[in-house]
Amino acid sequence: MFKNYIKSSVRFLMQNKVFASINALGLSIALAASFIILLFVINELSYDHFHKNRNQIFRVLNYYVDYDKTTAETPYVLAKTLKEEFPQIDKAIRTRNLRGFKLKIKDEYINVPQALATDSEVFDIFTISMIGSRLNNDLLDDQDAIVLSRDLAEKIFSDQDPVGKEVVGLINNEDHVFIVKGVYENIPENSVFRATCMVNSKWTIDPINKVHGIANADTNWDLNYWITWVLLSKDCNIVLFEKQFRPFEKKHFSEKANNHYSLQNLSDVYLGSDKIWNSGITGNKNNIRLFSAIAFLIILVATINYIILSTAVSTGRAKEIGIRKATGADNKSIQNQLLSESVLLALLVLPFTGLMMWLALPFAGKLFQTDLQIISSNIIIYISAYLALTIFIGVASGMYTSYYLSRLKVIDILGKKISFGKRKQIIRSSLIVVQLIIFCSFVSCTLIINSQYQYALKKDPGHYTKDILLIDLGRDFKGYSAYINSIKSDPNVIMAAGTVSSLPMVDYGFDMFKHFKDTERNVQVEGIAVDFNFLKTMGITILEGRDFSDEYGSDLAQATILNETAVKQLGITDPIGKKLGSQTIIGIVKDFNLHSIHDNIPPLHITLSDRYIRKVAVHYKSGRLDNLLPLLKTEWKIVAPDRPFSYATLEDVIKDTYSSEKNLSTIISIFALFTLLITASGLFGLTLFVARSRIKEIGIRKIFGSSEKSIIYSFLFTNLILVLAAALLSVPVTLLFIRKWLNNFAYKASINWWVFIISFTIAAVVVLLTVFIHSYKASRFNPVDALRYE
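Now for a look at the structure at hand. (Residues numbered from 1 in each chain as written. Predicted model: local features only at pLDDT ≥ 70, side-chain atom pairs only at ≥ 80, totals over all residues. Heavy atoms only, no water.)

With respect to the environment of Arg-54
Tracing the sequence through the fold places Arg-54 in the loop between α2 (17-45) and β1 (57-64). Separated by 71 residues in sequence, Arg-54 and Ile-125 place their C-alpha atoms 8.7 Å apart. Leave out the neighbours within four places in its chain, and Arg-54 touches Asp-48, His-49, Asn-265, Leu-266 and Ser-267. (Helix = DSSP H or I, 4+ residues; strand = E, 2+ residues; numbered from the N terminus. Contact = heavy atoms within 4.5 Å.)

This is the structure we're talking about:
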């Protein structure tokens, strides 16, 4: 029976090549686009699923009561203390990334990204497969121990067994000889826990001690710099366990503890940490929803295309079905036959679809701002999902026609008592309108998103954006004073200054201050630390008071500058000279965008610093960047020969800040093009079939005096009405989505009416040109030949 279905399906597709070709094109485009999105979605949803104990692995979160913010960073001492005081915890570790860590290969140092300081129990908590032998089970207990990933071990030791061998590493700006205690298999890409090598967690204590001028970072409960992971026992009740944190906090902090701990399961870390500070690698649920919705729409368009063309050829199929029923075929067998045709067509285009997907992956990865890799552990999921989607599209495409045609009665078919005309035309017209609504909505959304992107680039942020160069110093840059002075001496430079973070800031740092009038209320104020002349360099306007100056020796420790929003929210009148905490307010600056336009301008206090400078902003003379860069690079080699010279213009930084908006505009425009291609190809085929079915009608109309123009006009007018209806219906659909998307921005571009006119115009031009081709041919038929046509 199944073989008969296949043979009949192949015969039908071969006899209806136009029908098969057009639908194959639509299905190929829809499947290729959907497969790429499905790859992205599967990779996002599969994060950390390979860890065997993932339901028992939790990250400890730290909620700051005063700031109303949650961070993933906790004290060093927390992991050890939790394990000692709670029997429900089987294992506990702390982790911290090592910045600037390098390993020596043949007298040359190589940078080691994702080097991690942690504890030996990391191999008991996470699923990390060891390769070959190991020196002992407690791999990281010794401070000179190091464990390497497979790739790093092969890079350093080639074909040798690295276990037990020595390797020189640069850690905390000092050389140290490490002993390789083991090698582990590369951690899969879909893991929030990543490490190219691991060392003892004690290596992270001294740098924190130096920064804070203390000697007890390993026992200090106020220093939150480490991620704490715990493995809970299988019978642990999470809800009851978390309630025990309150007494724990009072014991180690005070009765009014400002830190509240909670647990986050490993499975929730990647997609559930968008509002958690310092969370590391995170995904975005909204992107999954958005791209899944786009994939659904493109599949819907292809499915509708199949249904439209199926109804167009259904008159001929009705006669075939009548004959088959007369010879004993039942409704179910006919329905299965028609469904097998659509499923077979979907399966036949799979090889071409796979090729299209493979070629598009690199480009799609850039647009999705992720590495769209085919992860080996997900292969079975990919294949199952792709086959299921293909069969689903095939079944959905053939469902309507198979159900409708299989229920026709033999007497009505052979007696020519059935009529497909008006009902079939209404169904087709409705489906075409749905396709065009999707297309018009895509185009309108693309134009509005691009408008918001251009608005973000052109909006005045309250500081200079042109002719500003940003140089990345990194941490612990020792030659800052010499370097900044050499920059200032160049005639191409107008002004230069250091800062902890460049604008627009990505990080968030807060302090709490008492409201000046309502002392019971605390006001959250953001902070940024800068060097002398930063405000002049960036063109930030001082409204009252003065800038920082080295003529005032107290500015470094005792001065602060507020923005207008801070003055208002703190309730300060006549702010100059008043105290804000331990500092004196010396100036007020005009509000400027501290972050991107996604955020409102926050209350801000600016302080002076000479310790934490990590960026240099250089305001140079217009058109002189090419002359300036050689000097900057030369001076850099003098003060920091071991560090790479990294720079970017502020204009490029701003563009990169809004790259996701630009990419989203491109993605939707591409899917709009796919929708248009599928819809246009469907209309092309539909017009061909309709024109053939109306040959006699056209012949009669010409005999009674209708001109070729009037016949063409009747075709065009009908389809223009459909486009107009779709364009009007797309307006509320577009506004529903785009207003929700624009809520992500504190500052928005207005939605202009012309975007809907453009989407209508594009749709109308393509549809009318497509319809015109066959309507013109049909209008040229000789009336005599037309009346003979069957």
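Topic: unusual backbone geometry
Put simply, Leu-503 and Pro-504 share a cis peptide bond, and its omega is -10 degrees. Tracing the backbone shows Pro-504 in the loop between β16 (493-499) and β17 (510-514). Unusually for a residue other than glycine, Lys-106 sits at a positive phi of about 50 degrees. Inspection of the secondary structure puts Lys-106 in the loop between β4 (102-105) and β5 (108-111).

Let's talk about helix α17 (residues 480-488)
Of all the residues in α17, the buried ones are Tyr-480, Tyr-483, Ile-484, Ser-486 and Ile-487. The buried residues of α17 occupy an angular sector of 160 degrees when the element is viewed end-on, so they sit on one face. (Buried < 20%, exposed > 50% of the residue type's maximum accessible area, 1.4 Å probe, protein only. Arc of directions from axis to C-beta.)

Comments concerning empty space enclosed by the protein
Tallied over the full model, the rule gives 4 cavities of 30 Å³ or more. Estimates place the volume of the largest cavity at around 130 Å³. As for the largest cavity, its lining consists of 13 residues, and the residues nearest its centre are Ala-456, Pro-461, Asn-593, Ile-654 and Tyr-658. Taken together, the residues of the lining of the largest cavity break down into 7 nonpolar, 5 polar and 1 charged. (1 Å grid on protein atoms, 1.4 Å probe; cavity = no way out; pocket = protein on both sides within 12 Å on 5 of 7 lines; lining within 4 Å. Points joined across faces, edges and corners; volume = space filled by probe spheres on them. Nonpolar A, V, L, I, M, F, W, Y, C, P; charged D, E, K, R; others polar.)

Points about helix α8 (residues 245-252)
Helical geometry note: an α-helix holds 3.6 residues per turn, so side chains three or four residues apart project in the same direction. Regarding α8, the residues found buried are Phe-245, Phe-248 and Glu-249. In an axial view of α8, the angular spread of the buried residues amounts to 100 degrees, which keeps them on one side of the axis. Among the exposed residues of α8, those pointing more than 90 degrees away from its buried face are Pro-247 and Lys-251. Structurally, α8 contributes buried residues whose contacts are with α3 (77-85), α7 (238-243) and β13 (259-265).

Observations concerning the packing of α17 against helix α21 (residues 625-639)
Contact pair α17 / α21: the axes reach a minimum separation of 10 Å and the direction vectors enclose 160 degrees. It follows that α17 is roughly antiparallel to α21 by the angle criterion. In this structure, the crossing between α17 and α21 has a hand that is right-handed. For the pair α17 and α21, the contacting residues are Ala-482, Tyr-483, Ser-486 and Ile-487 in the first and Leu-631, Leu-632, Glu-635, Trp-636 and Val-639 in the second. Of the residues that constitute the contact of α17 with α21, the class distribution is 7 nonpolar, 1 polar and 1 charged. (Axes fitted to C-alpha atoms, helices over the stretch in contact; angles between N-to-C directions. Parallel < 35°, antiparallel > 145°, perpendicular 65-115°, else oblique. Left-handed = near helix turned anticlockwise from the far one by under 90°.)

Concerning the pairing of β16
Along β16, 5 of the 7 residues are buried, which leaves the element largely enclosed by surrounding structure. As paired strands, β16 and strand β24 (residues 615-620) are joined by 6 bridges and run antiparallel to one another. In the strand pairing of β24, Met-495 is matched with His-619. (Pairing = 2+ DSSP bridges.)

Considering the pattern of salt bridges
Evaluation of the coordinates by the stated rule reveals 11 salt bridges. In this structure, the salt-bridge partner of Glu-121 is Lys-83, at a minimum N-O distance of 2.3 Å. Here Lys-83 lies in helix α3 and Glu-121 lies in the loop between β6 (115-118) and α4 (122-125), a separation of 38 residues in the sequence. Among the residues examined, Lys-83 registers a relative accessible area of 34% and is labelled partly exposed. (Salt bridge = Lys/Arg side-chain N within 4 Å of Asp/Glu carboxyl O.)

Digging into the packing of aromatic side chains
Tallied over the entire structure, the rule returns 31 aromatic pairs. When the ring of Trp-221 is compared with that of Phe-253, the centres are 5.8 Å apart and the planes differ by 75 degrees; the resulting orientation is edge-to-face. One end of the pair, Trp-221, is in the loop between α6 (205-212) and β12 (227-232); the other, Phe-253, is in the loop between α8 and β13, and 32 residues separate them in sequence. Taking relative accessible area as the criterion, Trp-221 reaches 14% and is therefore assigned buried. Here Phe-253 falls in the partly exposed class, since its relative accessible area comes to 22%. Here a set of aromatic residues connected by ring pairs shows up, and it is made of Phe-86, Trp-221, Phe-241, Phe-245, Phe-248, Phe-253 and Tyr-261. (Phe/Tyr/Trp six-rings, centres within 6.5 Å; stacked < 30°, edge-to-face > 60°.)

Spatial relationships are all this shows, so hold off on functional conclusions.
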